[in-house]
Amino acid sequence: MTKVDRRIRKSQEAIKAAVIELMSEKNFDDITLQDISDRADVSRGTIYLHYVDKYDLLDKLIDGHIQELSEICHSVSDLEWKESIVPWFTYLEQNYLFFSTMMASKGAVQFRNRLVEFLNEDFKEEIHLSQARKSGLSEDIILQYVVMSYVGVVEWWIKNEMPHPPEVMSEQLGELIKMNLG
C-alpha cells in the first residue's frame, strides 16, 4: 500500500468530516462544493484534486466504511457469531456521526443498498444452509431474512442513539441468528 502524504490525508479527512457534518444539518442535494470547501477550510480546487464532484465524494466515503466493515468481517471470520459481531458494533459506535447521518439523510438509500449488497455477499459465505435445505426453505429467502434482520437491527440501534453497548448488541443479535439458523 502506498503511503499518502500527511497533508493530503489531512485535507481528505477534513473534506470527509465536512460533508458528514453538512449532511447532518441539511439535505445532501442542497450542499454545494463551496459549502464543503468552506467547512473543511480547503479550496474547491483541493476538493477537485481528490473527487470528481460531491457524489464521487459521497461514494468514496461510503466505500471507505464498507471496506472497513469488510476487513472487520474477514478478521473475525473464524469466530462464533456472537464474538464476531462485537467489532462491527464497536466500529459503528466509533463512527456514529457517519452512520447516523447516512440513515437520516437522502444518502440513506444509497448507503443502505450498498450495505445490503455487502452483507448479502458476506453472509452468503458465513451462513450454513444445510439445515434450511433439509427443511425445504429457499436459500435466497433465508439469506434475505438474515441480512434484512441484521440491517434492521443496526438501523434501530443507530437511530435510537445506541441504547445498548456493542457487547450487548452482539450477544443479542448473535443469539437471534443462532436461533434462526441453528
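Residues numbered from 1 in each chain as written. Predicted model: local features only at pLDDT ≥ 70, side-chain atom pairs only at ≥ 80, totals over all residues. Heavy atoms only, no water.

## Structural notes on the packing of helix 1 (residues 6-25) against helix 2 (residues 33-40)
Cut-off, in case you're wondering: Every axis corresponds to a line fitted to the C-alpha atoms, with the helix fit spanning only the stretch in contact, and the corresponding angles, defined between N-to-C directions, vary from 0 to 180 degrees. Helix numbering and strand numbering both begin at the N terminus, where a helix is a DSSP run of H or I of at least 4 residues and a strand a DSSP run of E of at least 2. Crossing handedness follows the turn of the near helix against the far one: under a right angle anticlockwise gives a left-handed crossing, and clockwise gives a right-handed one. Two residues qualify as a contact provided that any one of their heavy atoms is within 4.5 Å of a heavy atom in the partner residue. For this classification, Asp, Glu, Lys and Arg are treated as charged, while Ala, Val, Leu, Ile, Met, Phe, Trp, Tyr, Cys and Pro are nonpolar and the rest, including Gly, are polar.
It is the contact of helix 1 with helix 2, at a shortest axis distance of 8 Å, that shows an interaxial angle of 115 degrees. The chirality of how helix 1 crosses helix 2 is right-handed. Together, Ala14, Ile15, Ala18, Val19, Glu21, Leu22 and Glu25 of helix 1 and Asp35, Ile36, Arg39 and Ala40 of helix 2 make up the contact between the two elements. Split into classes, the residues belonging to the contact of helix 1 with helix 2 amount to seven nonpolar, no polar and four charged.

## A few points about the side chain of Thr101
Let me state the cut-off plainly: The term polar contact refers here to a pair of N or O atoms within 3.5 Å; inside protein, the definition further demands a hydrogen-donor-capable atom paired with an acceptor-capable atom, and it admits residues adjacent in sequence only when both atoms are side-chain atoms.
By secondary structure assignment, the location of Thr101 is in helix 6 (residues 96-104). Looking at Thr101, its side chain comes within polar contact range of the main-chain oxygen of Leu97, at 2.6 Å. When neighbours within four sequence positions are excluded, Thr101 is seen to be in contact with Ile20, Met23, Ser24 and Tyr96.

## Regarding unusual backbone geometry
Peptide bonds are, in most cases, trans, and in most cases residues other than glycine have a negative phi. To be explicit about the condition: The buried label applies to any residue whose accessible area, calculated with a 1.4 Å probe on protein chains only, is under 20% of its type's maximum; exposed applies above 50%, and partly exposed to all values in between.
In this model, Asp41 sits at a positive phi of 60 degrees, which is unusual for a non-glycine residue. With respect to the helices, strands and loops of the structure, Asp41 is situated in the loop between helix 2 and helix 3 (44-50). Asp41 gets classed as exposed once you look at its relative accessible area, which sits at 71%. In this model, Met162 sits at a positive phi of 55 degrees, which is unusual for a non-glycine residue.

## Focus: the packing of aromatic side chains
Test applied: Each Phe, Tyr or Trp ring (for Trp, its six-membered ring) is paired with any other whose centre lies within 6.5 Å, and the angle between the two planes then decides the class: stacked below 30 degrees, edge-to-face above 60, tilted in between.
This structure, assessed with the given rule, holds nine aromatic pairs. Note on Trp88 and Phe118: the rings are 6.3 Å apart at their centroids and 15 degrees apart in plane angle, and the pair reads as stacked. You can see Trp88 sitting in helix 5 (residues 81-94) and its partner Phe118 sitting in helix 7 (residues 107-126), a full 30 residues away along the chain. For the pair Trp88 and Phe118, a shared accessibility class is recorded, and that class is buried. Between Tyr91 and Phe99, the ring centres sit 6.0 Å apart and the planes meet at 75 degrees, which makes this aromatic pair edge-to-face.

## With respect to the nonpolar core
The condition is simple: Side-chain atoms within 4.5 Å are what join buried Ala, Val, Leu, Ile, Met, Phe, Trp, Tyr and Cys residues into a set we call a nonpolar core.
Counting 49 residues, the largest nonpolar core has Ile36, Trp88, Phe111, Leu115, Leu119 and Tyr150 as the members making the most contacts within it. Mapped by element, the contributors of at least two residues to this core are helix 1, helix 2, helix 4 (54-75), helix 5, helix 6, helix 7, helix 9 (139-159) and helix 10 (166-181). Setting aside its immediate chain neighbours within four residues, Leu119 contacts Trp88, Lys124, Val147, Tyr150 and Val151.

Function cannot be inferred from these measures alone, as they are strictly geometric.
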